[in-house]
Amino acid sequence: MKLSTTYLGLKLKSPIIVSSSTLTGSVESIKRCAEAGAGAVVLKSIFEEQILSEIRREEGYTDVDIYDAYPEAQEYLNTYMRGTEIEIYEKLVRETKKVVDIPVIASINCSDKGEWISIARELQDAGADALELNVAIAAFDRDLDPREIEKEYIDILKEVEKNINIPVSVKLGDHFTNISRMAFSLSKAGAKGLVLFNRFYNPDINIEKMKVVPGNSISAPEENHNTLRWISLLSSQEIPCELSASRGVYTGEDVVKQILAGAKTVQVCSTLYRNGIDYIKQMNADVEAWMERHNFDNVESFRGIVNKKEDIKVVERLQYLRRNYDLH
Ligand SMILES: Cc1cc2nc3c(=O)[nH]c(=O)nc-3n(C[C@H](O)[C@H](O)[C@H](O)COP(=O)(O)O)c2cc1C
């Protein structure tokens, strides 16, 4: 009871949400998350690209360029493939809702406002309690105006909202020139929640094979700090939507920090890959123990309290000033 809270108008037993990943890609695994004490789950995303790549594979492509246009002649195949992908995903929503009593948030990964938007309605009808939009627009084209990219985020959100009446949150990356402005614009456009931040696929180079290879997909605990900065900054500016802290949240202490900074909930993924799904129990217990030590009897009573003017001055600092480091 002590840990109960709300997020996107949904009742949660704990502020710890398992974020979209393979941990939330099967009913069995989601059941384990719920049993371990997760407040909610965000299902593994259905990817716009995943659907397109299947279509291209059917056409005989092996190296899929997901951003390529595909021939209109394949329209029927397009519809067919989407049908099967969506059916599988809807089944995941329906089956999950049957076996767990925690909110189930569906997730769509998208990069433009294409015909996939109708999927949102189908996920709502399948029983999803909310929808998280993982919008990831690749900004690698030097001629692309940042304002156009930002507008696309807003347009996607508005288009989705027209189609459904469950709450919608947006999961953002941190690659914006002005994150505050982007966040406030999304909130104004109707986002009920913002998830800060997504973590993108990172390339690495194998120096023996001299080839680009996938980098580590698991975050490091140190990544917590950037999340903390933006949760603090946005909550101190009283952004009128709820913030869910994601990336680098590893321990119960990290959960406490994000809530002190103003997060309504946190999302966890890498820590569970490293420590196992049952680690949610430990995290919940550690948050509760901290609350007891500090005489807080509910989560809301300490949310955002480390958000005074003097705290924000520190959060806003970018450079290390006149500090000497000992070199070993
Ligand atoms: C194996 C794996 C799969 C993931 N799949 C998705 C996904 O389908 N959709 C999504 O929005 N995020 C996905 N993510 C990102 C996580 O939800 C999360 O935002 C990211 O890992 C940062 O949080 P963390 O530091 O707790 O891991 C995935 C992450 C991992 C490691």
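Details of the structure are given in the entry above.
All of the points below concern the structure found in this document. Bear in mind that the values here come from a model prediction, so they are computed numbers and not experimental data.

**Quick notes on the pattern of salt bridges**
One pass over the full model with this rule turns up 15 salt bridges. For Asp155, the salt bridge goes to Lys151, with nearest N and O atoms at 2.8 Å. Of this pair, Asp155 and Lys151 both sit in helix H5 (residues 146-163), four residues apart, which is roughly one turn of that helix. Take Asp155: its relative accessible area is 18%, and that puts it in the buried class. A salt bridge links Asp278 to Lys281; the nearest nitrogen and oxygen atoms lie 4.0 Å apart. Put simply, Lys113, Lys151, Glu152 and Asp155 are held in one network by salt bridges that share partners.

**With respect to the packing of aromatic side chains**
For the coordinates displayed, the defined rule picks out four aromatic pairs. Ring centres of Trp290 and Phe296 lie 5.5 Å apart, and the angle between their planes is 20°; on these two criteria the pair is classed as stacked. Relative to Phe302, the ring of Phe296 has its centre 5.3 Å away and its plane inclined at 40°; by these criteria the two rings are tilted. Across this residue pair, the class does not change: Phe296 and Phe302 are buried. Through a chain of ring-to-ring contacts, the aromatic side chains of Trp290, Phe296 and Phe302 assemble into a single cluster.

Procedures and definitions
Residues numbered from 1 in each chain as written. Predicted model: local features only at pLDDT ≥ 70, side-chain atom pairs only at ≥ 80, totals over all residues. Heavy atoms only, no water. Salt bridge = Lys/Arg side-chain N within 4 Å of Asp/Glu carboxyl O. Helix = DSSP H or I, 4+ residues; strand = E, 2+ residues; numbered from the N terminus. Buried < 20%, exposed > 50% of the residue type's maximum accessible area, 1.4 Å probe, protein only. Phe/Tyr/Trp six-rings, centres within 6.5 Å; stacked < 30°, edge-to-face > 60°.

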